[in-house]
Amino acid sequence: MTAAPVRHQRSEGSIHLSMGPNGIVRLREAHAAKVRIPFGVPEAILINTGGGLAGGDRFSFDITTEADTTLTVTSQTAERVYRSLGPSAQVDVTLSARDGARLMWLPQETILFDGAALSRTITADLAASARFLAVESVILGREAMGESVQEARLTDRWRIRQGGRLIFADDIAFAGAPPATPATLGTKRAFATVVLVAPEAEDLLDRVRAAIGEKGAASAWSGKLVARLVATDGFDLRKSLIPALTVLAGGGGLPKTWSF
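Below you will find a few notes about this structure. Values in this document were obtained by computation on a predicted structure and should not be read as measured data.

Further remarks concern the overall build of the protein chain. Looking only at helices and strands, one finds two helices and 17 strands in the protein chain. In terms of C-alpha radius of gyration, the protein chain reaches 18 Å, essentially the compact-globule figure of 18 Å for 260 residues. Across its three principal axes, the protein chain shows a C-alpha extent of roughly 65 × 45 × 35 Å. Taking contacts inside the protein chain between residues at least 6 apart in sequence as the whole, the part at least 24 apart equals 72%.

Working note: regular strand, side chains alternate between the two faces of the sheet. Summarising burial for strand β17 (residues 224-231): six of the eight residues are buried, a large majority. The antiparallel pairing of strand β16 (residues 216-221) with β17 creates a hairpin that spans two residues between the two strands, and serine 222 there sits at a positive phi of about 50 degrees.

The next subject is the side chain of threonine 69. Among the secondary structure elements, threonine 69 is positioned in the loop between β5 (58-65) and β6 (70-75). Taking the relative accessible area as the measure of exposure, threonine 69 reaches 4% and is therefore buried. One polar contact links the side chain of threonine 69 to the main-chain carbonyl oxygen of glutamate 66, over a distance of 3.2 Å. Here alanine 67 takes part through its backbone oxygen, which lies 3.1 Å from a polar atom of the side chain of threonine 69.

Here we come to the packing of aromatic side chains. Counted under the stated rule, the structure contains three aromatic pairs. On the basis of an interplanar angle of 25 degrees and a centroid distance of 5.1 Å, the ring pair of tyrosine 82 and phenylalanine 113 is categorised as stacked. Highlighted residues: tyrosine 82 in the loop between β7 (79-81) and β8 (89-97) and phenylalanine 113 in the loop between β10 (110-112) and β11 (117-126), separated in sequence by 31 residues. Ring centres of tryptophan 158 and phenylalanine 168 lie 6.1 Å apart, and the angle between their planes is 85 degrees; this geometry places the pair in the edge-to-face category. With a gap of ten residues between them, tryptophan 158 in strand β13 (residues 152-162) and phenylalanine 168 in strand β14 (residues 165-176) connect regions that are remote in the sequence. The two residues tryptophan 158 and phenylalanine 168 agree in class, both being buried.

Spatial ordering of the open sheet is given by β2-β1-β5-β8-β11-β13-β14, a layout of seven strands whose pairing is mixed. Edge positions in the sheet fall to β2 (23-31) and β14, since each of these pairs with one other strand and no more. Recorded for the sheet is a direction-independent mean angle of 5 degrees between the axes of neighbouring strands. One ladder, built from eight bridges, connects β5 with β8; its direction is parallel.

Turning our attention to empty space enclosed by the protein. Within this structure, the stated rule accounts for one cavity of 30 Å³ or more. By volume, the largest cavity is sized at about 30 Å³. Surrounding the largest cavity, Glu136, Val138, Asp156, Ile172, Phe191, Ala192 and Thr193 form its lining. For the lining of the largest cavity, the secondary structure elements donating two or more residues are β12 (131-140) and β15 (190-197). For the lining of the largest cavity, the element with the most residues is β15, which contributes three residues. A class-by-class count of the residues in the lining of the largest cavity yields four nonpolar, one polar and two charged.

Okay, unusual backbone geometry next. The residue histidine 31 is not glycine, and still its phi comes out positive at about 60 degrees. If you trace the backbone, histidine 31 turns up in strand β2. The backbone of aspartate 68 shows a phi angle near 55 degrees, a positive value even though the residue is not glycine. By secondary structure assignment, the location of aspartate 68 is in the loop between β5 and β6. Overall, the relative accessible area of 60% leaves aspartate 68 in the exposed class.

The subject of this paragraph is the side chain of arginine 238. Within the fold, arginine 238 resides in helix α2 (residues 234-248). Only 2.8 Å separates the side chain of arginine 238 from the side chain of glutamine 108, close enough to count as a polar contact. Among the polar contacts made by the side chain of arginine 238, one reaches the main-chain carbonyl oxygen of tryptophan 258 at a distance of 2.7 Å.

Parameters at a glance
- Residues numbered from 1 in each chain as written.
- Predicted model: local features only at pLDDT ≥ 70, side-chain atom pairs only at ≥ 80, totals over all residues.
- Heavy atoms only, no water.
- Helix = DSSP H or I, 4+ residues; strand = E, 2+ residues; numbered from the N terminus.
- Rg over C-alpha atoms; globule rule 2.2 N^0.38 Å.
- Contact = heavy atoms within 4.5 Å.
- Buried < 20%, exposed > 50% of the residue type's maximum accessible area, 1.4 Å probe, protein only.
- Pairing = 2+ DSSP bridges.
- Polar contact = N/O pair within 3.5 Å; in protein donor to acceptor, adjacent residues only side chain to side chain.
- Phe/Tyr/Trp six-rings, centres within 6.5 Å; stacked < 30°, edge-to-face > 60°.
- Axes fitted to C-alpha atoms, helices over the stretch in contact; angles between N-to-C directions.
- 1 Å grid on protein atoms, 1.4 Å probe; cavity = no way out; pocket = protein on both sides within 12 Å on 5 of 7 lines; lining within 4 Å.
- Points joined across faces, edges and corners; volume = space filled by probe spheres on them.
- Nonpolar A, V, L, I, M, F, W, Y, C, P; charged D, E, K, R; others polar.

This is the structure in structure tokens:
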């Protein structure tokens with residue numbers, strides 16, 4: 001008698017959120033994805049009630065900032081991606097910012113455990129007059145817990161359009177041992193990508209480079225600024241990433257969840 005194939009439990013969740021000048025225009029939560037909006041603060045805090053991601057999990061976030069609206073999207077805590085039995089966890093992020101909108105996508109770090117597999121896409125559609133700031137940070141295991149990542153899979157795909165025109169495309173991918181050449185991570189185990197689309201992007205370049213110091217590099221051209229940071233661990237990464245994001249946030253400051 002042939003044994004029935006093992007069916008592993010999978011988690012899924014989705015958020016559809018649209019914010020206007022007077023508050024929520026549309027909000028739909030499904031399954032393990034939740035969002036909380038503090039009273040009087042233009043902020044949305046994403047929560048994964050499943051407690052992390054495993055292979056085969058699927059989450060999607062569709063966030064729209066209506067015209068002349070400010071919104072910061074963050075997460076309650078770092079997202080953990082656990083060992084996969086085969087398939088990747090899938091995270092799809094779709095962001096829209098209308099005329100005069102200010103949208104910041106500032107989730108806390110993604111922690112990859114040994115054997116983790118994650119495929120993530122970030123797609124942003126911006127009006128010509130919108131301001132946009134985004135960050136994604138990845139930590140390869142928690143050094144304080146004695147964790148090391150010998151093998152993992154990551155695909156991170158960014159596509160940003162403004163006025164219908166593609167202005168930024170970036171892909172990071174590795175499978176197996178994390179890249180450890182002098183041109184990639186070396187001995188580091190944390191890295192981040194930061195993108196700002198704003199009229200003042202080029203004017204902020206020197207201040208961002210000063211905040212980053214020796215932990216990375218930044219360039220600015222044609223109304224956008226792109227920075228890449230690497231560090232020994234998550235705490236070391238934050239010591240440069242938080243000052244850089246504070247400069248780029250334009251006086252609005254960072255979400256309180258970043259200070260916990």
